[in-house]
Amino acid sequence: MSIFEHNRELLDRFRRGDRAALAEVYEHYVDDVALVARRGFTMESAGHVYIRGADLEGEHELVQDTFVKAFSASARASFDGLRPYRPFLLRITKNLMIDRFRARQHAATVPVGELDELVDAGDPGTAPDPEADLHWRALSEVTAAFVAALDAESREVIRLRFERELSQDAVAAQLGCSRRRVRTVERRVQAGLKRHLRRLRTTPGMSAGATKARRDRRYFGRFTAVFRRGRLS
Amino acid sequence: MSSKHLAARLLSRRNRLTRDEKDVIFARVLAQTGRRRGRRWPALVFALAGAAAVLLVIPRAWTVRDHSADPSFAARGDGSAAGFDLACAGQRTRTCQLGQTLVFDLQAGRERYFAAFARRDDGTVIWYFPDSATGTSLDLRDRTRDGVLDRGIALDATHGAGHYEVYGIYSAAPLSRADIKSRFRPAARDLGPGTSIATRELVVQ
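Our subject in this report is the structure included herewith. The structure displayed is predicted, hence computed values, not measured ones. (Residues numbered from 1 in each chain as written. Chains lettered and ligands numbered in written order. Predicted model: local features only at pLDDT ≥ 70, side-chain atom pairs only at ≥ 80, totals over all residues.)

Here we look at the overall build of chain A
Heads up, the rule is: Secondary structure is summarised from DSSP: a helix means a run of H or I of at least four residues, a strand means a run of E of at least two, and numbering begins at the N terminus for each. Partly exposed residues are those whose C-beta has more than 12 but fewer than 20 other C-beta atoms within 10 Å; 20 or more makes a residue buried and 12 or fewer makes it exposed, with C-beta atoms placed from the backbone. We call two residues in contact when the distance between their C-beta atoms, placed using the backbone, is within 7 Å.
Per the secondary structure count, chain A includes 11 helices and 2 strands. In chain A, which comprises 233 residues, the share counted as buried stands at 29%. If you take every contact in chain A between residues at least 6 apart in sequence, the share linking residues at least 24 apart comes to 70%.

Here it is as structure tokens:
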């Protein structure tokens, strides 16, 4: 259901650019937008096109650019509140991804008209990315082992701060310690994890992961298209 | 890639935007949508924000108005002294719009700690750092990337429009607001040994 449905007051504030209203709309849809940006999407038309998702920085940029466009004064003023808002946002995200895809492909490889038709073909949702999923699972397993080896206090701080996303103040209150202590533990664990991951990348058993990580860093703004019926490049 | 954000996602066991990431992006969205139409998103923001990896926007509550500030907080300094630059919407500027985020581009090689406050023409003092009456100036280790401080100031209605003098105070040791007030002298370039003061003009429209 659209966030604006049966909420005329929110729509009015949104169209005026009220910061709290923008925040409410952003919170409601940001995960959907980020999911598409992260995982990419597939489109069916003359072929099967897979626009690959972005890495972490690319995801940030796509989410940001999507909401910048959606929250512009002209876009807000022209939104009537009747149309579903989520497809509107995701269309912006996908168009941005296709723009980046085009910018990094040889002009001859992707017929522009065809992509436009594909975008208009509908909302196929996000695409699975087995390679990225595998990489994430590998990192997650390493992280789980790292966390399991931490002391009890650190594990509890991690659980409350990152899994439950409580503020440092809330965690401090719950654990009966100072906010500074929470911050110290949090930083220590994050730094330790980063060191741990860096060490593992340099070991022979993680060489494939290191290669993947290097490739991940190049994901920024880069997307690939795979056509079931004939590769174009 | 921001290793901090990746580490946070791994620790949360969810590959999705964390609270911090959402807040950072939203602040950037507001900063961009608050600018004049037709201007391009300046390259500086990509360079600086990208390098800084994270821009934490100081919430409203962190900008504390101190109307009872010491009257000695008068505009002073030569204003041209290097020490830091101000940027809004990715551009070094002295004029920012309400809704934008004020970013500090600090000079490398200064002291380890940094404090800042702004004084409006009507005498209102707004503390930026320390962010609370009991806090101390920021430890710049791990807080800057390419000189850009990882915390910005939300120039919202609470901050208010007006003409400001922004004071940046570098120090070798952390300073509280009380320390700064007690040691501040008009026209002085420092608060004593191991400190230095730089100023910048800021107009918020």
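Quick word on the interface of chain A and chain B
Taken together, the contact between chain A and chain B spans 30 residues of the former and 27 residues of the latter. At the level of secondary structure, the elements contributing two or more residues to the side of chain A that touches chain B comprise helix H2 (19-39), helix H3 (56-70), helix H7 (130-148), helix H8 (152-163), helix H10 (179-201) and helix H11 (207-217) of chain A. Ranked by the residues each element gives to the side of chain A that touches chain B, the list is headed by H3 of chain A, at 7 residues.

Notes on the nonpolar core
How we decide: Remark: nonpolar core denotes a set of buried Ala, Val, Leu, Ile, Met, Phe, Trp, Tyr and Cys residues whose joining runs through C-beta atoms within 7 Å.
Counting 75 residues, the largest nonpolar core has Val33 of chain A together with Ala116 and Ile169 of chain B as the members making the most contacts within it. Of the residues forming this core, the biggest block, 10 residues, is contributed by H2 of chain A. Discounting residues that sit within four places of it in the chain, alanine 116 of chain B has contacts with Phe104, Tyr128, Phe129, Val166, Tyr167, Gly168 and Ile169 of chain B. In this structure, Phe162 and Val185 of chain A together with Leu6 and Ala8 of chain B belong to the second largest nonpolar core, which totals 17 residues.

Points about helix H2 (residues 19-33) of chain B
Residues and elements named next belong to chain B. In plain terms, the rule: To estimate how far a helix should extend, the number of its residues minus one is multiplied by 1.5 Å.
Spanning 15 residues, H2 covers 21 Å between terminal C-alpha atoms, matching the ideal 21 Å at 1.5 Å per step. Of all the 15 residues making up H2, 11 are buried; the element is thus mostly covered by neighbouring parts of the structure. Among the residues making up H2, those that are buried are Glu21, Val24, Ile25, Phe26, Ala27, Arg28, Val29, Leu30, Ala31, Gln32 and Thr33.

As for unusual backbone geometry
With an omega dihedral of 5°, the bond running from phenylalanine 129 of chain B to proline 130 of chain B counts as a cis peptide bond. The topology assignment puts proline 130 of chain B in the loop between strand S8 (125-129) and strand S9 (138-139). Here glutamate 165 of chain A, not a glycine, exhibits a phi torsion of approximately 55°, which is positive. The phi angle at arginine 13 of chain B is positive, at roughly 65°, despite the residue not being glycine. When you line up the elements, arginine 13 of chain B lands in the loop between helix H1 (3-12) and H2. Accessibility expressed as a C-beta count within 10 Å gives 14 for arginine 13 of chain B, which makes it partly exposed.

Side note on the environment of phenylalanine 129 of chain B
Residues and elements named next belong to chain B. Within the secondary structure, phenylalanine 129 sits in strand S8. Its 25 C-beta neighbours within 10 Å are what place phenylalanine 129 among the buried residues. The sequence separation of phenylalanine 129 and phenylalanine 114 amounts to 15 residues, and the corresponding C-alpha distance is 7.5 Å. Discounting residues that sit within four places of it in the chain, phenylalanine 129 has contacts with Phe114, Ala115, Ala116, Ser137 and Leu138.

Points about the packing of H8 of chain A against helix H9 (residues 168-175) of chain A
Residue and element names in this part refer to chain A. To keep it simple, the criterion reads: An axis is simply a line fitted to the C-alpha atoms; with a helix, the fit covers only the stretch in contact. Between two such axes, the angle follows the N-to-C directions and lies from 0 to 180 degrees. Throughout this description, any angle smaller than 35 degrees is read as roughly parallel, any larger than 145 degrees as roughly antiparallel, any in the 65 to 115 degree range as roughly perpendicular, and the remainder as oblique. Crossing handedness is defined as follows: a turn of the near helix away from the far one that is anticlockwise and smaller than a right angle gives a left-handed crossing, while the clockwise case is right-handed. Just so you know the grouping, Ala, Val, Leu, Ile, Met, Phe, Trp, Tyr, Cys and Pro go in nonpolar, Asp, Glu, Lys and Arg go in charged, and all remaining residues, Gly too, go in polar.
Packing of H8 against H9 leaves a shortest axis separation of 9 Å and a crossing angle of 140°. Considering the angle they form, H8 stands oblique to H9. Our pair here, H8 against H9, has a crossing hand that is right-handed. Contacts between H8 and H9 involve Glu156, Val157, Leu160 and Arg161 on the former and, on the latter, Val171, Gln174 and Leu175. Per-class residue counts for the contact of H8 with H9 are 4 nonpolar, 1 polar and 2 charged.

No statement about biological role is implied by the geometric values presented.
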